[in-house]
Amino acid sequence: MALINCPECNSKVSTSAASCPKCGAPIKRKSSNHMRGTRTGAAWEGMGFVLIVIGMITGMATGDANHFGGVIASVGVVLFLVGRFK
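Below, the structure is looked at part by part. (Residues numbered from 1 in each chain as written. Predicted model: local features only at pLDDT ≥ 70, side-chain atom pairs only at ≥ 80, totals over all residues. Heavy atoms only, no water.)

A word on unusual backbone geometry
And step 1. Of note, the phi angle at asparagine 10 is positive, near 65 degrees, even though the residue is not glycine.
And step 2. Relative to the elements of secondary structure, asparagine 10 occurs in the loop between strand E1 (3-5) and strand E2 (12-14). (Helix = DSSP H or I, 4+ residues; strand = E, 2+ residues; numbered from the N terminus.)

A few points about the environment of leucine 79
And step 1. Summarising the element assignment, leucine 79 is placed in helix H2 (residues 68-85).
And step 2. Its relative accessible area of 18% is what places leucine 79 among the buried residues.
And step 3. In the structure, leucine 79 is positioned 30 residues away from phenylalanine 49 in sequence and 8.1 Å away in space, judged by C-alpha atoms.
And step 4. Beyond its immediate stretch of four places on either side in the chain, leucine 79 contacts Trp44, Glu45, Gly48 and Leu51. (Buried < 20%, exposed > 50% of the residue type's maximum accessible area, 1.4 Å probe, protein only. Contact = heavy atoms within 4.5 Å.)

Some thoughts on the side chain of glutamate 45
And step 1. By the element assignment, glutamate 45 lies in helix H1 (residues 42-62).
And step 2. Leaving out residues up to four positions away in the same chain, glutamate 45 has contacts with Arg39, Leu79, Phe80, Gly83 and Arg84.

Printed below as a string of C-alpha cells:
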C-alpha cells in the first residue's frame, strides 16, 4: 500500500484507493503482468465425463450381465479427476 500523487490535485493517495479522497478523481491502476493461464486438464476432464456417461448407458443397457459399464465409468471418474486437478 504505497502512496502516489493524485493526477488532478497532487495530494497523496493510496495505490489501493479507487479515487482521490480530496478531489474525487479516479486513480488509474497499473495493469498487472499476470496472464491468465489456460487449464491444461480440460481435455482430460471432458474425456472423463464422456466415459462416465458411456459407462452409465452401457451399464443400464447390459444390466447384470457384465460389469463392463462400471469399468468404463470408473475409468471415466479417474480421468475426470486427473483433468480436474491437473
